[in-house]
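Single-letter residue listing:
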Amino acid sequence: MKIIVITGPSGSGKSFLSKKLSKSFNNSIIIKTDSYYRDNLLIRFLSIFLFDIYDRPISIKKTKLKETLRSIKNRDNIISLYNYDFKRKYSSQTKKIIKYNEEIQFLIIEGIFAHRLDLDYKESVNIECKEKKEVCITRRLKRDKLERGRDDKDVMKKFDKSWYLFYKNVKNFINYNQVFQINPKDNTSYKKIVLYLKSLKKNN
């Protein structure tokens, strides 16, 4: 099983790309880092003073996320998954039964924190989603107003900080690892990454 890491700023098409790849490669599993946000009192308290707390790795359950990845790697039949309700700011845990009748082709980890999980990125296929800032803003406005009940001013304030923090911290990831930079909506670059993934399967 090969790990695919998909990162990128908010609204850059990470979820779109992960779903598209999952359809291209049957029996793949998607893990979203957004699903592992914390909902404890400390994070709620810090969010009062730091409006960008949810754009920092401290806001996610990194240990729990790694436990999920380890369970899948160990082929455990029952794994723990998490889901985060953005409107209620509430995290819930569920148990999922996985049947390993077929070999899992790819484990896809996607999210703005996917490149900051202390994984062995030398062994994973690393993808950074690239998109114009204006396009990302439009997508973020639509999503946050619909799914998270935020107004335009609040979304723009959070987006600008999120954009800055992402590009500030992604530099080392790009400099020290092989990273494919693609626009998920561009069919040419998508076909290239699919051909590359198929070549990995063939060689394994």
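The preceding data block contains the structure.
Keep in mind it's a predicted model, so treat the numbers as computed, not measured.

Novice: Explain helix α3 (residues 62–73) residue by residue, including any values.
Specialist: Between the first and last C-alpha of α3 there are 16 Å, a value that for 12 residues agrees with the 16 Å anticipated at 1.5 Å per step. All buried positions along α3 are accounted for by L65, T68, L69, S71 and I72. Buried residues along α3 cover an arc of 160° about the axis, so they all sit on one side. Opposite the buried face of α3, by more than 90 degrees, sit the exposed residues T63 and K73. Check the buried side of α3 and you find it contacts β2 (29–32), β3 (78–85) and β5 (106–110). At the C-terminal side of α3, R75 shows a positive phi close to 60°.

Novice: I'd love a proper account of unusual backbone geometry, names of residues and values included.
Specialist: Despite not being glycine, R75 shows a phi value in the positive range, around 60°. With respect to the helices and strands, R75 occurs in the loop between α3 and β3. Overall, the relative accessible area of 37% leaves R75 in the partly exposed class. At D118, a position not held by glycine, the phi torsion is positive, near 60°. By the element assignment, D118 lies in the loop between β5 and β6 (125–129). Since its relative accessible area comes to 58%, D118 is described here as exposed.

Novice: Outline the nonpolar core, supporting the account with residue identities and numerical values.
Specialist: Counting residues in hydrophobic clusters, the biggest one holds 30 residues, and the most contacted among them are I29, I31, I72 and L107. Here the element with the most residues in this core is β3; it accounts for 4 residues. Contacts of I31, omitting those with residues within four sequence positions, involve Y36, L65, T68, L69, I72, L81, L107, I108, I109 and E110. Membership of the second largest hydrophobic core comes to 16 residues, among which are I4, F25, F106 and L200.

Novice: Tell me about the pattern of salt bridges, residues and numbers included.
Specialist: In a structure, side chains of opposite charge can pair up when their charged atoms sit close to one another. For the coordinates displayed, the defined rule picks out 11 salt bridges. The residue D118 makes a salt bridge to K62 at a minimum N-O spacing of 3.5 Å. Taken as a pair, D118 in the loop between β5 and β6 and K62 in helix α3 lie far apart in primary sequence, 56 residues in all. On the accessibility criterion, K62 (22% relative accessible area) is partly exposed. The residue D85 makes a salt bridge to R88 at a minimum N-O spacing of 3.8 Å.

The rules behind these values
- Residues numbered from 1 in each chain as written.
- Predicted model: local features only at pLDDT ≥ 70, side-chain atom pairs only at ≥ 80, totals over all residues.
- Heavy atoms only, no water.
- Helix = DSSP H or I, 4+ residues; strand = E, 2+ residues; numbered from the N terminus.
- Expected span 1.5 Å × (residues − 1).
- Buried < 20%, exposed > 50% of the residue type's maximum accessible area, 1.4 Å probe, protein only.
- Arc of directions from axis to C-beta.
- Contact = heavy atoms within 4.5 Å.
- Core = buried A, V, L, I, M, F, W, Y, C linked by side-chain atoms within 4.5 Å.
- Salt bridge = Lys/Arg side-chain N within 4 Å of Asp/Glu carboxyl O.

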